Amino acid sequence: GGGARVRPPPTPAAPVVQFWNDYAQFQLPPRNLRLISGLHKSVAKFDCYSQGYDLLASTEDQEQYTDDLRRLLEAADSPMGVQMFVDVDSGFGGLAEKYLQVFRDDYPRTPVLVWGIGDSRRGGGEGAEKKWRNELNFALGAARLGSLSSLFIPVVNPTYTPPPHTE
């Protein structure tokens, strides 16, 4: 027989995997992403809880952002619960509070678990004012998000103090 030989398709080279997060790659659909006006280049300016809260202060802005949230919730049919991972050391805590208020208006009995993520080391080299701002942001986030959620769990990097050196 003079039959044609069929070659298997070439297999792509396996990616080099060094760390666990090499596996944790995912992409969000574009409709689930929202740029925050003026902050897409640097988040460093978004370091105050009230900035996030005030971002949705106008009714027009609030409708623009919360319509996306409502669309996602409607696609879920009837959510049995919600988890939020929130950087409460910055303006994202205030932004999350506004989102959670809208969610509570529409779903008052749905359980909400909020992971309040903070960094006790943030602002360490930038002076006492930055450190106090971060601590105040975290306190506001814990109080306000805690009152709107079913359970608020603070997640903070512990500060490390080396043990005293004894001889």
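Up top you'll find the structure we're talking about.
All residue numbers refer to positions counted from 1 along the written sequence of the respective chain. Residue-level local features of this predicted model are given only where pLDDT is at least 70; pairs of side-chain atoms are given and counted only at 80 or more, and the full residue set underlies all totals for whole chains, interfaces and linings. Side-chain descriptors were evaluated using all non-hydrogen atoms of the structure, hydrogens and water having been removed beforehand.

For the rest of this paragraph, the subject is the overall build of the protein chain. The helix and strand tally for the protein chain stands at 4 helices and 3 strands. Listed N to C, the secondary structure of the protein chain is α-α-β-α-β-α-β in terms of helices and strands. Looking at the protein chain as a whole, 26% of its 167 residues are labelled buried. When contacts within the protein chain are restricted to residue pairs at least 6 apart in sequence, those whose partners lie at least 24 apart make up 78%. Every accessible area reported is derived by Shrake-Rupley at a probe size of 1.4 Å, with residue values counting cover from the shown protein chains alone. Looking at the protein chain as shown, the accessible area adds up to about 12400 Å², and 57% of this sits on carbon and sulfur atoms. Helix and strand definitions here come from DSSP, where helices need a minimum of 4 consecutive H or I residues and strands a minimum of 2 consecutive E residues; each element is numbered from the N-terminal end. We call a residue buried when its accessible area falls under 20% of the maximum for its residue type, exposed when it is over 50%, and partly exposed in between, using a 1.4 Å probe and counting protein chains only. Every residue pair with non-hydrogen atoms within 4.5 Å of one another is taken to be in contact.

As a further point, take the layout of surface pockets. Unfilled space is identified by rolling a water-sized probe across the atoms. Using protein atoms alone on a 1 Å grid, points that fit a 1.4 Å probe yet trap it form a cavity, whereas open point sets bounded by protein on both sides within 12 Å along at least five of seven lines form a pocket; residues with an atom within 4 Å of a point count as lining. Grid points are joined across faces, edges and corners, and a volume is the space filled by probe spheres set on the points. Estimates place the volume of the largest pocket at around 760 Å³. Considering the residues around the largest pocket, the lining is formed by 24 residues, among which Asn32, Leu69, Leu72, Met84 and Tyr99 are closest to the centre. Mapped onto the lining of the largest pocket, the elements with two or more residues apiece are helix H2 (59-75), strand S1 (82-87) and helix H3 (91-106). Any residue that is not Ala, Val, Leu, Ile, Met, Phe, Trp, Tyr, Cys, Pro, Asp, Glu, Lys or Arg is counted as polar, Gly included; the first ten are nonpolar and the last four charged. Class assignment for the residues of the lining of the largest pocket results in 17 nonpolar, 2 polar and 5 charged.

This next bit is on the side chain of Asn137. Structurally, Asn137 is set in helix H4 (residues 128-148). Classification of Asn137 as buried rests on a relative accessible area of 2%. Any pair of nitrogen or oxygen atoms within 3.5 Å is treated as a polar contact; in protein, a donor-acceptor pairing is required on top of that, and neighbouring residues in sequence qualify only through side-chain atoms on both sides. A distance of 2.8 Å separates a polar atom in the side chain of Asn137 from the backbone oxygen of Asp47. Ignoring any residue separated from it by four or fewer positions in sequence, one finds Asn137 in contact with Asp47, Cys48, Tyr49, Val88, Asp89 and Ser90.

The next point concerns the nonpolar core. The tendency in soluble globular proteins is for nonpolar side chains to be buried as a group. Nine residue types can take part in a nonpolar core, namely buried Ala, Val, Leu, Ile, Met, Phe, Trp, Tyr and Cys, and a core is a set of them joined through side-chain atoms within 4.5 Å. Met84, Val86, Leu100, Val114 and Leu145 are the most contacted members of the largest nonpolar core, which has 15 residues in total. Among the secondary structure elements, those contributing two or more residues to this core are H2, S1, H3, strand S2 (112-119) and H4. Here this core takes 4 residues from H3, the largest share from any one element. When sequence neighbours within four positions are dropped, the list of residues in contact with Met84 reads Ala96, Leu100, Leu113, Val114 and Trp115. Counting 6 residues, the second largest nonpolar core, distinct from the first, contains Ile36, Leu55, Leu56 and Leu95.

The subject of this paragraph is a nonpolar patch on the surface. Patch rule: a residue counts if its relative accessible area is over 30% and it has no salt bridge; like charges are joined within 9 Å, and nonpolar side chains (Val, Leu, Ile, Met, Phe, Trp, Tyr) within 5 Å. Salt bridge, as used here: a side-chain nitrogen of Lys or Arg that lies within 4 Å of a carboxyl oxygen of Asp or Glu. A surface patch of nonpolar side chains, amounting to about 270 Å² of accessible area, comprises Phe85, Ile117 and Val155. Looking at where Ile117 falls in the secondary structure, it is placed in strand S2. For Ile117, a relative accessible area of 36% puts it in the partly exposed group.

Here S2 shows a buried face lined by Val112, Val114, Gly116 and Gly118 and an unburied face lined by Leu113, Trp115, Ile117 and Asp119. Two strands form a pair only when DSSP identifies at least two bridges running between them. Where S1 lies against S2, 6 bridges are found, and the strand directions are parallel. Across the sheet, Val86 pairs through a bridge with Gly116, a residue of S2. Clockwise travel from the first strand over the helix to the second, with the strands pointing away from the viewer, marks a crossover as right-handed. Read from S1 through H3 to S2, the crossover connection turns out right-handed. Here S2 pairs with strand S3 (residues 151-157) via 7 bridges, running parallel. Within the sheet, the bridge partner assigned to Leu113 lies in S3 and is Leu151.

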